[in-house]
Amino acid sequence: MELTKARKTPDGTRFWRQGQGSPVVLIHGVGLDATMWQLQVEALAQRHEVIVYDMLGHGDSALPREDAELNDYADQLATLLDHLELERVAVVGFSMGGLVARAFALRHPERLAAMAVLSSVFDRDANERSGVRQRLAQTRERGPAANVGEALKRWFSPAFHRAHPERIAEIHEIVRNNHPQGYYRSYALFGTEDRFGTERLQTIRVPALVATGELDPGSTPRMARALAEHLPNAEVHIFPGQRHMVPMEDHEAVNAVLLRFLAKALAHAPSKEALQ
């Protein structure tokens, strides 16, 4: 399904809004844009009002400021909700979007009903940190195309590469065509802020889901379990045999897990007053 009727906020955030029901916002990963969620929008919009948008520096949204922080990305979401006149939403963040979801939960807790963090990062070890620093340096020197080929090998299984070469080519072009400054500023945060807000995560009391692929080398099951241990009301789900881009490669499993989680979480989410 193609996303239709893209709109923009006055401050330059491109977004789509589809479906009816309790609102759910999906946040994409670094180097991608809101179109990565097409298969999730199709499923979730049967029960929810679904909002997807391009993060700062991605797609057709405004660039982040030169010294941007994760809180700028959290505030982008809050401003979008103001524009849409939505007081409180469930948030699903993929990869860097999971970091943005965490920042939003800490900065705007009264606006969060539930949080799902997919294929994201937390407390990298020394080897993981070294690898991402190397990729960040390559990006600074050569721009978004510097390591996209290697990224796609990490993100998708060989079987998906063989079966869907057109989809791989499409993702390759999306990453390669990112604005160099927007991509680097975002990637720098993704590469260095994996421990963002660790000492305050226990204050995120809404229902939370932390999920990743069993074979994801950058957003590992160890990270998912460790992050969940810091969240008072979290559950963990590991997708068997999956790598990083599980929302695309096994969308049916992801959609089923998200729909189940949202149904349970939104039925039992604490009130806005209880979170203040």
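Residues numbered from 1 in each chain as written. Predicted model: local features only at pLDDT ≥ 70, side-chain atom pairs only at ≥ 80, totals over all residues. Heavy atoms only, no water.

**Here's the deal with the overall build of the protein**
Secondary structure summary: the protein contains 11 helices and eight strands in total. At 17 Å, the protein has a C-alpha radius of gyration in line with the 19 Å of a compact globule built from 276 residues. Residues counted as buried form 57% of the 276 residues belonging to the protein. Of the contacts made within the protein by residues no fewer than 6 positions apart, 76% connect residues no fewer than 24 positions apart. Side-chain charges in the protein split into 32 positive and 35 negative, and the spacing between the mean points of these groups amounts to 2 Å. (Helix = DSSP H or I, 4+ residues; strand = E, 2+ residues; numbered from the N terminus. Rg over C-alpha atoms; globule rule 2.2 N^0.38 Å. Buried < 20%, exposed > 50% of the residue type's maximum accessible area, 1.4 Å probe, protein only. Contact = heavy atoms within 4.5 Å. Lys, Arg positive; Asp, Glu negative; His and termini not counted. Charge placed at Lys NZ, Arg CZ, Asp CG, Glu CD.)

**Considering the layout of surface pockets**
Of the voids in this model, the largest pocket is the one considered here, and its volume is about 400 Å³. Lining the largest pocket are 29 residues, and of these Arg135, Arg154, Trp155, Phe190 and Gly218 sit closest to its centre. Only α4 (126-142), α5 (148-155) and α8 (180-192) provide two or more residues apiece to the lining of the largest pocket. Counting residues per element, the lining of the largest pocket draws most heavily on α4, at five residues. Of the residues in the lining of the largest pocket, the class split is 15 nonpolar, nine polar and five charged. (1 Å grid on protein atoms, 1.4 Å probe; cavity = no way out; pocket = protein on both sides within 12 Å on 5 of 7 lines; lining within 4 Å. Points joined across faces, edges and corners; volume = space filled by probe spheres on them. Nonpolar A, V, L, I, M, F, W, Y, C, P; charged D, E, K, R; others polar.)

**Describing the pattern of salt bridges**
Taken as a whole and judged by the stated rule, the model has 18 salt bridges. Of the charged contacts in the structure, one is a salt bridge between glutamate 128 and arginine 222, with a shortest N-O distance of 3.1 Å. Pair noted here: glutamate 128 is in helix α4 and arginine 222 is in helix α9 (residues 221-229), with a separation of 94 residues, a long-range link. Glutamate 199 is the partner of arginine 200 in a salt bridge, and the nearest nitrogen-oxygen pair spans 3.8 Å. Judged by its relative accessible area of 37%, arginine 200 falls in the partly exposed class. Overlapping salt bridges bring together Arg14, Asp33 and Asp54 as one network. (Salt bridge = Lys/Arg side-chain N within 4 Å of Asp/Glu carboxyl O.)

**Here's the deal with empty space enclosed by the protein**
Empty space left among the atoms is revealed by rolling a probe the size of a water molecule over them. Evaluation of the coordinates by the stated rule reveals one cavity of 30 Å³ or more. If you add up the space inside the largest cavity, you get close to 50 Å³. Forming the boundary of the largest cavity are Val117, Ser119, Ser120, Val121, Phe122, Val210, Ala211, Thr212, Thr220, Met223, Ala224 and Leu227. Elements represented by at least two residues in the lining of the largest cavity include exactly β7 (208-213) and α9.

**Some remarks on α4**
Its 17 residues place the ends of α4 24 Å apart at the C-alpha level, agreeing with the 24 Å of an ideal helix rising 1.5 Å per residue. Sitting at the head of α4, aspartate 125 places a side-chain oxygen 3.2 Å from the backbone nitrogen of asparagine 127. Of the residues flanking the end of α4, it is glycine 143, one or two places downstream, whose phi is positive at about 85 degrees. (Expected span 1.5 Å × (residues − 1). Polar contact = N/O pair within 3.5 Å; in protein donor to acceptor, adjacent residues only side chain to side chain.)

**Considerations on the sheet that holds strand β3 (residues 22-27)**
Strand order in the open sheet made by the eight strands is β1-β2-β4-β3-β5-β6-β7-β8, with mixed pairing throughout. If you trace the sheet from one side to the other, it starts and ends with β1 (7-8) and β8 (234-239), each paired once. Contacts from helix α2 (residues 70-84) reach β1, β2 (14-18), β3, β4 (48-53) and β5 (89-94) within the one sheet, and its direction differs from that of β4 by about 130 degrees. On top of the sheet, helix α3 (residues 96-107) reaches β3, β4, β5 and β6 (112-118); it is set at about 145 degrees to β5, its chief contact. (Pairing = 2+ DSSP bridges. Axes fitted to C-alpha atoms, helices over the stretch in contact; angles between N-to-C directions.)

**Some words on the packing of α5 against helix α7 (residues 165-176)**
Contact geometry for α5 and α7: axes closest at 10 Å, N-to-C directions at 135 degrees. In terms of their interaxial angle, α5 and α7 are classed as oblique. The two elements α5 and α7 meet at a crossing, and its hand is right-handed. Judged by residue contacts, Val148, Leu152 and Trp155 of α5 engage Ile168, Ile171, His172 and Val175 from α7. (Parallel < 35°, antiparallel > 145°, perpendicular 65-115°, else oblique. Left-handed = near helix turned anticlockwise from the far one by under 90°.)

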